[in-house]
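Examining the three-dimensional arrangement
The primary structure of each chain is shown beneath.
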Amino acid sequence: MLRLRGQPVIGMDVVPSERTDVVGSVVDRALVGRVFSENDITGVIHAGALHKPDIARHSPQAFIDTNVTGTLNLLDAAAAVQAPFVFTSTTSLMISQALRDELYDRTVWLDEDYGPLAPRNIYGVTKLAAEGLCRQCHLTRGLNVVVLRTARFFPEEDDTTRTLSGPNLKTNELLNRRASVQDMARAHLAALDKAADVGFGLYIVSAPTPFSKTDRVMLHRDAQKVIAGYLPDARRVYAQKGWSLPKTIGRVYDGSRITRELGFTYETTFADALNAAMRGLASPLVHDADYVSPQVAHATG
Ligand SMILES: NC(=O)c1ccc[n+]([C@@H]2O[C@H](COP(=O)([O-])OP(=O)(O)OC[C@H]3O[C@@H](n4cnc5c(N)ncnc54)[C@H](O)[C@@H]3O)[C@@H](O)[C@H]2O)c1
């Protein structure tokens, strides 16, 4: 999207690809420094990471190296030239074990003020630490930073549940915990554009939920009834497709603050996906059961 906008981009990744100009690790401080000294860097989007599926493949130390040290290296280099910085974080760091186990009697409403945070795995722990580094770099060095706690946007199957088909599950998730990959990318550009106005900002990015906080008890008890109240066509369209609506919803990520504060608008909502399904059009969500993440594809040749 940046390139389409006519902005020169330098892609850095450990995996070679047509969009990777510098093959190397953000953990390599000298390399990061070299990339900054050899180029006129006017903004940074830092999305490189070990993420949740990598827990099965990498050690906790590797998570600390990439997600924490790598972020520090980039922040230091960006601060030296005051290049506005956007950090791709994750809503996953808001999920404690109790939240994950859905131990509450009503839907948990997660916005940017939710806390105290108790991430349950090394992925969340290191992403939260990296967010702290971002905040601290703003405070001590005046770097303009926007942290985006992105909800789900991966194209592959869910690694924890297979009870519903991928397209069914992904569409359901647009109700409370997903956004299209295009909206995620658009949010990053909006954050980069607004970083100088914001100074430091932290935003959840998740498609607008049709629900409100007052629905929390009923959403937990009978989500299908609440959905029918907001989206009367949903039950019929789902029946036609052989899909299932969620019976209960354990949590909702509220991604509305970025709209209120940065003026960012989502292009894809649950209603859009429903409308596409109703009219027999392609889903606005990408589902790719065969998707393999770049590092895994590279390692396995
Ligand atoms: N996919 C999702 O649903 C989701 C949800 C929330 C947050 N995120 C965040 O989005 C970002 C992108 O994740 P993704 O899901 O697209 O995963 P991905 O694995 O496709 O992308 C991460 C990229 O980082 C690169 N990378 C890993 N270690 C690196 C290093 N040391 N130096 C340089 N590059 C390195 C990988 O090769 C890969 O290309 C991550 O920061 C992740 O935490 C993703």
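Coordinates for the structure precede this section.
In short, a report on the structure. (Residues numbered from 1 in each chain as written. Predicted model: local features only at pLDDT ≥ 70, side-chain atom pairs only at ≥ 80, totals over all residues. Heavy atoms only, no water.)

So, on to the pairing of strand 7 (residues 200-205). Of all the 6 residues making up strand 7, 5 are buried; the element is thus mostly covered by neighbouring parts of the structure. As judged from the 6 bridges shared by strand 6 (residues 145-150) and strand 7, these two strands associate in the parallel manner. Within strand 7, the residue paired with valine 146 across the bridge is glycine 201. (Buried < 20%, exposed > 50% of the residue type's maximum accessible area, 1.4 Å probe, protein only. Helix = DSSP H or I, 4+ residues; strand = E, 2+ residues; numbered from the N terminus. Pairing = 2+ DSSP bridges.)

All right, on to the packing of aromatic side chains then. Under the counting rule described, the total for this entry stands at 4 aromatic pairs. Aromatic side chains phenylalanine 211 and tyrosine 230 sit 6.0 Å apart centroid to centroid with 65° between the ring planes, which places their arrangement in the edge-to-face category. Here tyrosine 230 lies in helix 8 (residues 223-230) and phenylalanine 211 lies in the loop between strand 7 and helix 7 (216-221), a separation of 19 residues in the sequence. Accessibility expressed as a relative area gives 5% for phenylalanine 211, which makes it buried. (Phe/Tyr/Trp six-rings, centres within 6.5 Å; stacked < 30°, edge-to-face > 60°.)

The subject of this paragraph is the packing of helix 1 (residues 29-38) against helix 2 (residues 60-81). Relative placement of two packed helices is described by the angle separating their axes and the distance separating the axes. Close contact between helix 1 and helix 2 brings their axes to 9 Å; oriented N to C, the two are set at 30°. With respect to each other, helix 1 and helix 2 are oriented roughly parallel. The interaxial crossing formed by helix 1 with helix 2 has right-handed handedness. Of the residues in helix 2, those touching helix 1 at Arg29, Val32 and Phe36 are Leu72, Asn73, Leu74, Asp76, Ala77, Ala78 and Val81. (Axes fitted to C-alpha atoms, helices over the stretch in contact; angles between N-to-C directions. Parallel < 35°, antiparallel > 145°, perpendicular 65-115°, else oblique. Left-handed = near helix turned anticlockwise from the far one by under 90°. Contact = heavy atoms within 4.5 Å.)

Further remarks concern a nonpolar patch on the surface. A contiguous nonpolar patch, built from Phe153, Val181 and Val286 and spanning about 220 Å² of accessible area, is present on the exposed surface. Looking at the secondary structure, you find valine 181 in helix 6 (residues 181-198). (Patch = residues over 30% accessible without salt bridge, like charges linked within 9 Å, V, L, I, M, F, W, Y side chains within 5 Å. Areas by Shrake-Rupley, 256 points an atom, 1.4 Å probe, with all protein chains shown as cover. Salt bridge = Lys/Arg side-chain N within 4 Å of Asp/Glu carboxyl O.)

Moving on, we come to the nonpolar core. If you look at the biggest cluster of nonpolar residues, it comprises 49 residues, and the most contacted ones within it are Leu148, Phe211, Ile258 and Phe270. Per-element accounting of this core gives the leading share, 7 residues, to helix 6. Other than its neighbours up to four places away in sequence, phenylalanine 270 contacts Thr171, Asn172, Leu174, Leu175, Leu231, Tyr238 and Leu245. Core analysis: the next-biggest nonpolar cluster, separate from the first, contains 22 residues, Phe85, Ala130, Cys134 and Leu202 among them. (Core = buried A, V, L, I, M, F, W, Y, C linked by side-chain atoms within 4.5 Å.)

Of the residues making up helix 11 (residues 270-278), those classed as buried are Phe270, Ala273, Leu274, Ala276 and Ala277. All buried residues of helix 11 lie within an arc of 160° about the axis, which places them on one face of the element. Buried residues along helix 11 sit in contact with helix 5 (166-173) and helix 9 (234-241). Directly after helix 11, the chain includes glycine 280, whose backbone phi takes a positive value near 70°. (Arc of directions from axis to C-beta.)

With that out of the way, let us pick up unusual backbone geometry. Omega for the peptide link from glycine 115 to proline 116 comes to -5°, which places this bond in the cis form. Counting through the fold element by element, proline 116 comes out in the loop between strand 5 (108-110) and helix 4 (122-141). Of note in the backbone geometry, glutamine 82 takes a positive phi value of approximately 50° without being a glycine. In this fold, glutamine 82 is placed in the loop between helix 2 and strand 4 (85-90). For glutamate 102, which is not a glycine, the phi torsion comes out positive at approximately 50°. Of note, glutamate 102 is situated in the loop between helix 3 (97-100) and strand 5.

Right, let's talk about the site of the ligand for a bit. In the vicinity of the ligand there are 25 residues, among which Asp13, Ala47, Tyr123, Lys127 and Phe153 approach most closely. Within the side chain of aspartate 13, one N or O atom sits 2.5 Å away from an oxygen atom of the ligand. Phenylalanine 153 places a main-chain nitrogen or oxygen 2.8 Å from an oxygen atom of the ligand. For the ligand, the protein covers 90% of the area, taking 810 Å² as the surface of the free molecule. Sorting the residues of the shell around the ligand by element identifies strand 4, helix 4 and helix 12 (294-299) as the ones contributing at least two each. Here the shell around the ligand is composed, by residue class, of 11 nonpolar, 11 polar and 3 charged. (Near = heavy atom within 4 Å. Polar contact = N/O pair within 3.5 Å; in protein donor to acceptor, adjacent residues only side chain to side chain. Nonpolar A, V, L, I, M, F, W, Y, C, P; charged D, E, K, R; others polar.)

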